[in-house]
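Commentary on secondary and tertiary structure
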Amino acid sequence: MFTEFLVRMFVKEPENTGNLKVRQAYGELGGMVGVACNVALFAAKMTVGLISGSIAVLADAVNNLSDAGSSVVALIGFRMAAKPADDEHPFGHGRLEYVAGLVIAVIIIAVGIDFFKSAAERIFHPVETVVSNWGMLAVALAIPVKFWMYLFNRKLGKKIDSTVLQATAFDSLSDILTTSVVLASAAVSRFTSFPADGYAGVAVAVLIILGGIKVVRDTVNPLLGECPDRQLVEELERKMLENPDICGVHDLILHNYGPGRYFATAHAEVNSDCDPVKIHDSLERTEREVALALPVQLTLHCDPFDRDDPEYKSWRLATVNAAESIDPRFRVYDFRMAKTAHCRHLRFNLLVPRNYALSNRELRERIQTILRERDPGVKVSPVVENTFV
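Quick look at the structure, then. Here the structure is a predicted model, which means the values were calculated and not measured. Here the residue numbering is sequential within each chain, running from 1 through the sequence in written order. At least 70 in pLDDT is required for a residue's local features to be given in this predicted model, at least 80 for side-chain atom pairs to be given and counted, and no such filter applies to totals for whole chains, interfaces and linings, which use all residues. Side-chain calculation: all heavy atoms of the structure are included, whereas hydrogens and water are not.

1. Here's the deal with the pattern of salt bridges
We define a salt bridge as a contact between a side-chain nitrogen of Lys or Arg and a carboxyl oxygen of Asp or Glu at a distance within 4 Å. This structure, assessed with the given rule, holds 13 salt bridges. With a shortest N-O distance of 2.3 Å, glutamate 4 and lysine 155 are connected by a salt bridge. Here glutamate 4 is found in helix H1 (residues 2-10), whereas its partner lysine 155 is found in helix H6 (residues 142-160), with 151 residues between them in sequence. Using a 1.4 Å probe on the protein chains alone, a residue whose accessible area is under 20% of its type maximum counts as buried, one over 50% counts as exposed, and one in between counts as partly exposed. For glutamate 4, a relative accessible area of 31% translates into the label partly exposed. Note on lysine 155: relative accessible area 40%, which makes it partly exposed. Across the pair lysine 239 and glutamate 242 runs a salt bridge, and its minimum N-O distance is 3.5 Å. Residues joined in a network through salt bridges with shared partners are Glu235, Arg238, Lys239 and Glu242. The helix and strand labels rest on DSSP assignments: H or I over at least four residues marks a helix, E over at least two residues marks a strand, and numbering proceeds from the N terminus.

2. Some points on the side chain of histidine 250
Its location among the elements puts histidine 250 in strand S1 (residues 248-256). On the basis of relative accessibility, which here comes to 7%, the residue histidine 250 falls in the buried class. Contacts described as polar in this section are N or O atom pairs within 3.5 Å, which, within protein, must combine one atom able to donate a hydrogen with one able to accept it, while residues neighboring in sequence count only if both atoms come from side chains. Among the polar contacts made by the side chain of histidine 250, one reaches the side chain of aspartate 303 at a distance of 2.8 Å. Whether two residues are in contact is decided by their heavy atoms, any of which lying within 4.5 Å being enough. If we ignore the near neighbours within four places in the chain, the residues touching histidine 250 are Ala266, His267, Glu269, Asp303, Tyr333 and Asp334.

3. So, empty space enclosed by the protein
Empty space left among the atoms is revealed by rolling a probe the size of a water molecule over them. A 1.4 Å probe that fits into a set of points on a 1 Å grid over the protein atoms alone but cannot get out defines a cavity; an open set with protein on both sides within 12 Å along at least five of seven lines defines a pocket, and lining residues are those with an atom within 4 Å of a point. Grid points are joined across faces, edges and corners, and a volume is the space filled by probe spheres set on the points. As enumerated under the stated definition, the model contains 5 cavities of 30 Å³ or more in all. Approximately 70 Å³ is the volume attributed to the largest cavity. Around the largest cavity sit Asp67, Ser70, Ser71, Ile104, Ile108, Ala167, Thr168, Asp171 and Val215, which together line it. A class-by-class count of the residues in the lining of the largest cavity yields 4 nonpolar, 3 polar and 2 charged. The nonpolar class holds Ala, Val, Leu, Ile, Met, Phe, Trp, Tyr, Cys and Pro. Asp, Glu, Lys and Arg form the charged class, and all remaining residues, Gly among them, are polar.

4. Remarks on the sheet that holds strand S2 (residues 262-271)
An order of S1-S2-S3 is seen for the 3 strands of this open sheet, with the pairing classed as mixed. The sheet terminates laterally at S1 and strand S3 (296-305), the two strands that pair on one side only. Strand after strand, the sheet turns through a mean of 15 degrees between neighbouring axes, direction not considered. Both S2 and S3 contribute to a ladder of 10 bridges, which runs parallel. Note on pairing: DSSP must find at least two bridges between two strands before they are called paired. Fitted lines through C-alpha atoms give the axes, limited to the stretch in contact for helices. The angle between two N-to-C directions lies from 0 to 180 degrees.

5. Overview of the nonpolar core
What is meant by a nonpolar core is a set of buried Ala, Val, Leu, Ile, Met, Phe, Trp, Tyr and Cys residues, joined one to another through side-chain atoms within 4.5 Å. Counting 39 residues, the largest nonpolar core has Val11, Tyr26, Leu29, Phe115 and Leu156 as the members making the most contacts within it. Of all the elements in the fold, those that place two or more residues in this core are H1, helix H2 (20-52), helix H3 (55-81), helix H4 (96-124), helix H5 (133-140), H6, helix H7 (163-189) and helix H8 (196-224). Excluding anything up to four places from it in sequence, leucine 156 contacts Thr3, Val7, Tyr26, Leu29, Gly30 and Leu165. Formed by 22 residues, the second largest nonpolar core is a distinct cluster that contains Ala323, Phe335, Met337 and Val378.

6. Brief notes about a nonpolar patch on the surface
Patches draw on residues past 30% relative accessible area with no salt bridge. Two like charges within 9 Å are joined, as are two nonpolar side chains (Val, Leu, Ile, Met, Phe, Trp, Tyr) within 5 Å. Using the Shrake-Rupley algorithm and a 1.4 Å probe, accessible areas are obtained, with residue cover drawn only from the displayed protein chains. Taken together, the side chains of Phe2, Phe5, Met9, Phe10 and Met32 make up a nonpolar region of the molecular surface, amounting to roughly 510 Å² of accessible area. With 4 residues, the single largest contributor to the nonpolar patch is H1. With respect to the helices and strands, the residue phenylalanine 10 is situated in helix H1. According to the relative accessible area criterion, phenylalanine 10 is partly exposed, its value standing at 45%.

Nothing here speaks to function; it is all geometry.
Structure below.
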């Protein structure tokens, strides 16, 4: 309820998440809420930690301060990512959001390592710590606050498909566990001389480091170039095949230039007898329709083939069936057939999964064997390629 109130207050047209301004507003809202909540939690825990001398509470406090710093970085990252394309960055600045997430991860890991060292020293050189009831209550209040922040950031992150906000949500969830460990150590320290505070500090530090490593993985993968979302690929292919002039698509390549920013190229199979100007206009119309329906700027390449030749269609179908009889994941494209009086020469590309068990030579031989059962004189020249996905 409160989340919806904040969204209505700070985000104009909240349902129009494809708009970069709306996306920026969501990101800035997440950043501002993160700064406000984490600074308040830091102040409360730092006060308790200084009074009690608990290294675990101090570590938890500084963890909240690092979260506030992370929110500031995220806030700046969203603003910079929303900058329009320029001469030096023709595809925009969207990937800066991933860079912001990486900076957040580095901060988290650095804080974790520093407190791991301090907590480890406290194990070997224990210091008496006593956290009052009021102090424990102040620390415990962080749990409902962080749980709300987890729900808040997760909802916003899903709304705009933001790795940064989803990473922040995960960090809020891990903070709940961290605070719980701190409270448990404070309770144990009242009844025993066992250095629970030091062990709790080590546990907190380890959780902080693991959380930072997860954020690194989530932000580095899109920067390196990860496999595109299968649902987006299928929706894009479906949208292209809505064009009656397009008989098939292949060689689809998607480049991610930030959340909600994709550039794609694909080969569209069209009838070779069609007027080239008509086909050009038809493919451009599909590019515009895709841009309106999906967060993808598409460029189509024309691949002509003789769709109406019955013999061509027959051999193409036979080739597809031959490939799929070996493995249903195989795909045939760029099919060509050269005719002579006594021979048919088939040339095509065969797309197979990466690191397939059979070698390219073995695959060629198998397909040739299958097709020659239909016509012993046929010549087959498949080009085997490995898929990106």
